[in-house]
Amino acid sequence: MSLAGKLSAEIGIHTPAATLFNFYTTQLHHIQNISDTVHATKLHQGDEWHSNDSIKHWTYTVEGKVVTCHEIMESIDEQNKTITFKLFGEDIDQHFKVFKLIFQTMNKNDGSATIKWTIEFEKIMRMFNSLLASWNSVPNALKTLIVIFSRESPKSNKKKENKRV
């Protein structure tokens, strides 16, 4: 038995869409330097961090618990400024058959921009009683990811002095 779905959130930002898209496609490995919730990132497999066939290892905090997973960029659409990340392995595989993050940034007419985060997931259901708890954890995970990747964008925060690894 599984629970599948899609959750989306869109937020306004002051960083131009192209700048943030560039950060995610060429500098995402620096997120650990500006985020309190991402503790470590490292290249797990491959030659270049931002290559579609490279696998990255992430250590981060969700709801006060340190978790780990692997990530690969499934697709990058430069014209629509969209990136699809597939998360898998370690803590993700214990709870999900499928877990994808879709990042899109768009310019608005007033000169600002928006980020749209979409999570596509298929949750593994081991017991029926865990249905409600599992469903509640998905929006919390989305909220955590929005905080990690939006509020702590390259132009909105200064680089931290103490790097956490």
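Refer to the preceding data block for the structure.
Residues numbered from 1 in each chain as written. Predicted model: local features only at pLDDT ≥ 70, side-chain atom pairs only at ≥ 80, totals over all residues. Heavy atoms only, no water.

Turning our attention to the side chain of Thr25. With respect to the secondary-structure elements, Thr25 resides in helix α1 (residues 17–26). For Thr25, a relative accessible area of 13% gives the class buried. The contact partners of Thr25, leaving out residues within four places of it in the chain, are His50, Met73, Ile76 and Ile83. (Helix = DSSP H or I, 4+ residues; strand = E, 2+ residues; numbered from the N terminus. Buried < 20%, exposed > 50% of the residue type's maximum accessible area, 1.4 Å probe, protein only. Contact = heavy atoms within 4.5 Å.)

Attention shifts here to the packing of aromatic side chains. Describing an aromatic ring pair means giving the distance of the ring centres and the angle of the ring planes. Tallied over the full model, the rule gives six aromatic pairs. Judged by centre distance (5.9 Å) and plane angle (70°), the ring pair of Tyr24 and Trp117 falls under edge-to-face. Taken together, the positions of Tyr24 in helix α1 and Trp117 in strand β7 (residues 113–124) put the pair 93 residues apart, joining distant regions of the chain. Here Tyr24 matches Trp117 in class, with each residue buried. Ring pairs connect the aromatic residues Phe23, Tyr24, Phe103 and Trp117, which therefore count as one cluster. Above the ring of Phe88, the side-chain terminus of Lys86 is found at 5.8 Å from the ring centroid. Directly above the ring of Phe96 sits Lys123, whose terminal nitrogen or CZ lies 5.2 Å from the centroid. (Phe/Tyr/Trp six-rings, centres within 6.5 Å; stacked < 30°, edge-to-face > 60°. Lys NZ or Arg CZ within 6 Å of the ring centre and 35° of its normal.)

Counting 32 residues, the largest nonpolar core has Tyr24, Phe85 and Phe103 as its most contacted members. Of all elements in the fold, only β1 (2–13), α1, α2 (31–34), β3 (55–62), β4 (65–77), β5 (82–88), β6 (96–107) and β7 reach the threshold of two or more residues within this core. Residues contacting Phe103, with those up to four places away along its chain left out, are Leu20, Phe21, Tyr24, Lys81, Thr82, Ile83, Phe85, Ile115, Lys116 and Trp117. (Core = buried A, V, L, I, M, F, W, Y, C linked by side-chain atoms within 4.5 Å.)

This brings us to the pattern of salt bridges. Summed over all chains, the structure comprises four salt bridges. Salt-bridge contacts for Lys100 lead to Glu74; the nearest nitrogen and oxygen are separated by 3.1 Å. Of the two residues, Lys100 sits in strand β6 while Glu74 sits in strand β4, which places them 26 residues apart along the sequence. Note on Lys100: relative accessible area 21%, which makes it partly exposed. Judged by relative accessible area, which is 37%, Glu74 ranks as partly exposed. Residue Glu122 is joined to Lys97 by a salt bridge in which the shortest nitrogen-to-oxygen separation is 3.7 Å. Placement of the pair is Glu122 in strand β7 and Lys97 in strand β6, with a sequence separation of 25 residues. The exposure class assigned to Glu122 is partly exposed, which follows from its relative accessible area of 23%. Accessibility expressed as a relative area gives 54% for Lys97, which makes it exposed. (Salt bridge = Lys/Arg side-chain N within 4 Å of Asp/Glu carboxyl O.)

Before going further, it helps to examine the side chain of Thr84. With respect to the secondary-structure elements, Thr84 resides in strand β5. When neighbours within four sequence positions are excluded, Thr84 is seen to be in contact with Ile72, Met73, Glu74, Ser75, Lys100, Leu101 and Ile102.

Okay, the environment of Ile119 next. Along the chain, Ile119 falls in strand β7. Between the alpha carbons of Ile119 and Phe103 there is a distance of 9.0 Å; along the sequence they are 16 residues apart.

Let's shift gears to the sheet that holds β1. If you trace the seven strands from one edge of the open sheet to the other, you get β1-β7-β6-β5-β4-β3-β2, paired in antiparallel fashion. Looking at which strands have only one partner, the edges of the open sheet turn out to be β1 and β2 (38–45). The average undirected angle you get between the axes of adjacent strands in this sheet is 25°. Bridging between β4 and β5 involves seven bridges; their strand directions are antiparallel. Within the sheet, the bridge partner assigned to Met73 lies in β5 and is Phe85. Packed on one face of the sheet, α1 meets β1, β4, β5, β6 and β7 and runs near 145° to β6. (Pairing = 2+ DSSP bridges. Axes fitted to C-alpha atoms, helices over the stretch in contact; angles between N-to-C directions.)

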